[in-house]
Amino acid sequence: QWRARLRFFFMQSLAGMRIAELFDILVDFPDSTPALDDLHACLHHTHQHADIVQGLGEALEKRLLKPGAETHQILEVYIGMIRALRRLDPSGLTLDAVSERVRAYLKLRPDTVKQIVTTLTDPDSSDLLEPVGGGAAAEVVQEAAADGDMAPDPDESRGDEAAMLK
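Residues numbered from 1 in each chain as written. Predicted model: local features only at pLDDT ≥ 70, side-chain atom pairs only at ≥ 80, totals over all residues. Heavy atoms only, no water.

K.L.:
Describe the overall build of the protein chain, and please don't skip the residues or the numbers.
P.N.:
Summing up its helical and strand segments, the protein chain has ten helices and zero strands in all. Overall, the protein chain shows an N-to-C arrangement of helices and strands of α-α-α-α-α-α-α-α-α-α. A buried classification covers 40% of the 166 residues belonging to the protein chain. The long-range fraction of contacts in the protein chain, counting pairs at least 24 apart against all pairs at least 6 apart in sequence, stands at 74%. (Helix = DSSP H or I, 4+ residues; strand = E, 2+ residues; numbered from the N terminus. Buried < 20%, exposed > 50% of the residue type's maximum accessible area, 1.4 Å probe, protein only. Contact = heavy atoms within 4.5 Å.)

Laid out in structure tokens, this is it:
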């Protein structure tokens with residue numbers, strides 16, 4: 001009885017520590033795979049998924065989803081986040097809950113589609129495009145294409161510079 005409680009307490013403490021540093025773990029993925037595996041094992045026992053959604057959402061708002069962050073950096077972190085969260089929670093529920101904030105923020109940025117296309121066509125970014133569980137970059141592109149808010153302005157698609165300066 002006391003061993004089970006001690007084990008649960010240990011798992012809960014370790015999960016809390018890993019959740020607090022989850023943003024850094026996601027940025028460092030795949031080098032941070034052992035830390036992610038620790039958290040995965042802890043979540044199996046403690047079921048702290050809601051804490052992950054809340055903590056990571058706050059960290060994203062505070063550290064990434066800011067006007068000073070460049071769109072290509074946000075996309076790189078987002079692609080890494082997709083890969084890491086798929087490893088952490090194969091069901092995809094955590095990813096769906098957390099990624100909504102990133103998707104909503106990217107919709108507001110005028111250069112998101114341009115950066116996605118650049119990422120897809122730039123041979124130097126091929127490491128971002130390696131398929132992991134269906135291809136994280138492909139998922140970003142599919143979400144962008146399916147979302148009407150991310151379609152280019154009709155004036156921009158014509159290449160009319162005078163209309164774009166309006």
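K.L.:
Before we move on, could you go through the packing of helix 3 (residues 33-46) against helix 5 (residues 71-88) and cite the residues and values that matter?
P.N.:
Interaxial distance between helix 3 and helix 5 falls to 9 Å at its minimum, and their mutual angle equals 40°. By the angle between their axes, helix 3 is oblique relative to helix 5. Viewed along their axes, helix 3 and helix 5 form a crossing whose handedness is right-handed. Contacts between helix 3 and helix 5 involve Thr33, Leu36, Asp37, Leu39, His40 and Leu43 from the former and Ala84, Arg87 and Leu88 from the latter. (Axes fitted to C-alpha atoms, helices over the stretch in contact; angles between N-to-C directions. Parallel < 35°, antiparallel > 145°, perpendicular 65-115°, else oblique. Left-handed = near helix turned anticlockwise from the far one by under 90°.)

K.L.:
Give me the lowdown on the nonpolar core, citing residues and values where you can.
P.N.:
One finds Leu56, Leu60 and Met81 to be the most contacted residues of the largest nonpolar core, which totals 36 residues. Sorting the residues of this core by element identifies helix 1 (2-20), helix 2 (22-28), helix 3, helix 4 (49-63), helix 5 and helix 6 (93-108) as the ones contributing at least two each. With nine residues, helix 5 is the single largest residue contributor to this core. Excluding residues that lie within four positions of it along the chain, Met81 makes contacts with Leu26, Leu56, Leu60, Leu95, Val98, Ser99 and Val102. (Core = buried A, V, L, I, M, F, W, Y, C linked by side-chain atoms within 4.5 Å.)

K.L.:
I'd like a rundown of the pattern of salt bridges, residues and numbers included.
P.N.:
Counted under the stated rule, the structure contains five salt bridges. The closest approach of N and O atoms between Asp38 and Arg18, which form a salt bridge, is 3.0 Å. Of this pair, Asp38 sits in helix 3 while Arg18 sits in helix 1, placing them 20 residues apart in sequence. Residue classification places Asp38 among the partly exposed residues on the basis of a relative accessible area of 31%. On the accessibility criterion, Arg18 (16% relative accessible area) is buried. In this structure, Asp37 and Arg87 form a salt bridge, with 2.9 Å as the shortest nitrogen-oxygen distance. Placement of the pair is Asp37 in helix 3 and Arg87 in helix 5, with a sequence separation of 50 residues. For Asp37, a relative accessible area of 33% translates into the label partly exposed. Each of Arg18, Glu21 and Asp38 takes part in a single network of salt bridges with overlapping partners. (Salt bridge = Lys/Arg side-chain N within 4 Å of Asp/Glu carboxyl O.)

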